[in-house]
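# Examination of the molecular architecture
These are the residues of each chain, in order.
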Amino acid sequence: MTTAENILSAPTLAPRERNPSVAATAAGNYAPWWTGLAAGLAWGVLAVLTGAWPNKPLGFSEWAYTTEFAWFAGLVSVALLALGLAPERIAAVPAKLRAAGPWLIALALGLAVWEVFTAKLGTLPPPFFAPPQSLAEVYISDWRRLLESAAHSLQLLGLGIGIGASVGFLIGVLMGWSRRASYWVHPVLRVLGPLPTTALLPISFYFFPSSWSTAIFLIAVGTAFPVAILTASGVASVNKNYYDVARTMGASPWFLVLRVAIPAALPQVFVGLFMGLGHAFATLVVAEMLGVKAGLGWYLTWAQGWAAYPNMYAALLVMALLFSGLISLLFLVRDRVLSWQKGIVKW
């Protein structure tokens, strides 16, 4: 029998036999999601601890939503245990959820420690420190005011960052392209740039007619300085060979700026935007605390004035999620805009 006949006569392997993992899954032999099981146990401990351990008696009313918080932790525990035990063909645990497994464990343990030292033992004295279920009470009872404050802060941030980023970008391009402009503008930025924008509050209140316009101006200033400096650095550091090639092909000065200098400087521009966002967040909170009668900063001051510390912690959590979301959104925009530079620029 020839070699070809041997190959043709050889038994053909079934698809399950070619892929042992598929055959094992079909036979019911699957590997559990161990991290998910550990996370489910951690959330179960949190549920039992919250529901079975009585809260420490307080000089005021009992912490509300303790039972509901225990039920919530129990439902999360059941869901994670089900995902960890079910076969992959049924569970289909997403990759992102699998990657977040250790964080699910850490979150449950952190909430458990928080619950013990506040509601159960009272080591962190009330009302200055509140347990996790108190935040749920705030979100349920005062969600409308929190939503209005968050919307107001987003509006201020949008206007201030938009104006500051645009002005800073134009100044940075001018400085990076023109040595004469850099000679006059760069020393001004070096002197005024390190100044905290909050130090300009007294002067700003004098020149601007309202606290709203003052806040927008200060946020714009805090955003413009890092954007201008890093944009100028990016434009000035563009490889001169790019300009030579473009000039050889008959490019005009405007083409060199718009199609050569600015695209090559975009990585630096985004670094400036990230830095400007940090300044903008800090300026926003201070401006709302001191002058603007709305927003999350104002909500923090209001809650502190009424000794409503759970409201204050709830506002801080909303603020953290809001600012983190904006940073993540900027990351997505950067990855989309600079997708053509992924093989050249590392980030």
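Presented here is a report on the structure given in the accompanying data block.

Definitions and limits used
Residues numbered from 1 in each chain as written. Predicted model: local features only at pLDDT ≥ 70, side-chain atom pairs only at ≥ 80, totals over all residues. Heavy atoms only, no water. Patch = residues over 30% accessible without salt bridge, like charges linked within 9 Å, V, L, I, M, F, W, Y side chains within 5 Å. Areas by Shrake-Rupley, 256 points an atom, 1.4 Å probe, with all protein chains shown as cover. Salt bridge = Lys/Arg side-chain N within 4 Å of Asp/Glu carboxyl O. Helix = DSSP H or I, 4+ residues; strand = E, 2+ residues; numbered from the N terminus. Core = buried A, V, L, I, M, F, W, Y, C linked by side-chain atoms within 4.5 Å. Buried < 20%, exposed > 50% of the residue type's maximum accessible area, 1.4 Å probe, protein only. Contact = heavy atoms within 4.5 Å.

### Considering a nonpolar patch on the surface
There is a patch of nonpolar side chains on the surface, built from Trp53, Val113, Phe117, Leu121, Leu124, Phe128 and Phe129 and spanning about 600 Å² of accessible area. Tracing the sequence through the fold places Leu124 in the loop between helix H8 (101-120) and helix H9 (132-141).

### Quick notes on the nonpolar core
Leu156, Leu157, Leu296 and Phe323 are the most contacted members of the largest nonpolar core, which has 39 residues in total. Secondary structure elements with two or more residues in this core: H9, helix H10 (143-177), helix H13 (211-236), helix H15 (253-290), helix H16 (296-305) and helix H17 (309-337). For this core, the element with the highest residue contribution is H15, accounting for eleven residues. Not counting the four nearest positions on each side in its chain, Leu157 is found in contact with Gly162, Ala280, Phe281, Leu284, Phe323 and Leu326. Within the second largest apolar cluster, 13 residues are counted, among which are Trp33, Ala42, Leu46 and Ala73.

### Quick notes on the environment of Leu154
With respect to the helices and strands, Leu154 occurs in helix H10. Residues Leu154 and Phe323, spaced 169 residues apart in sequence, show a C-alpha to C-alpha distance of 9.5 Å. The contact partners of Leu154, leaving out residues within four places of it in the chain, are Leu322 and Leu326.

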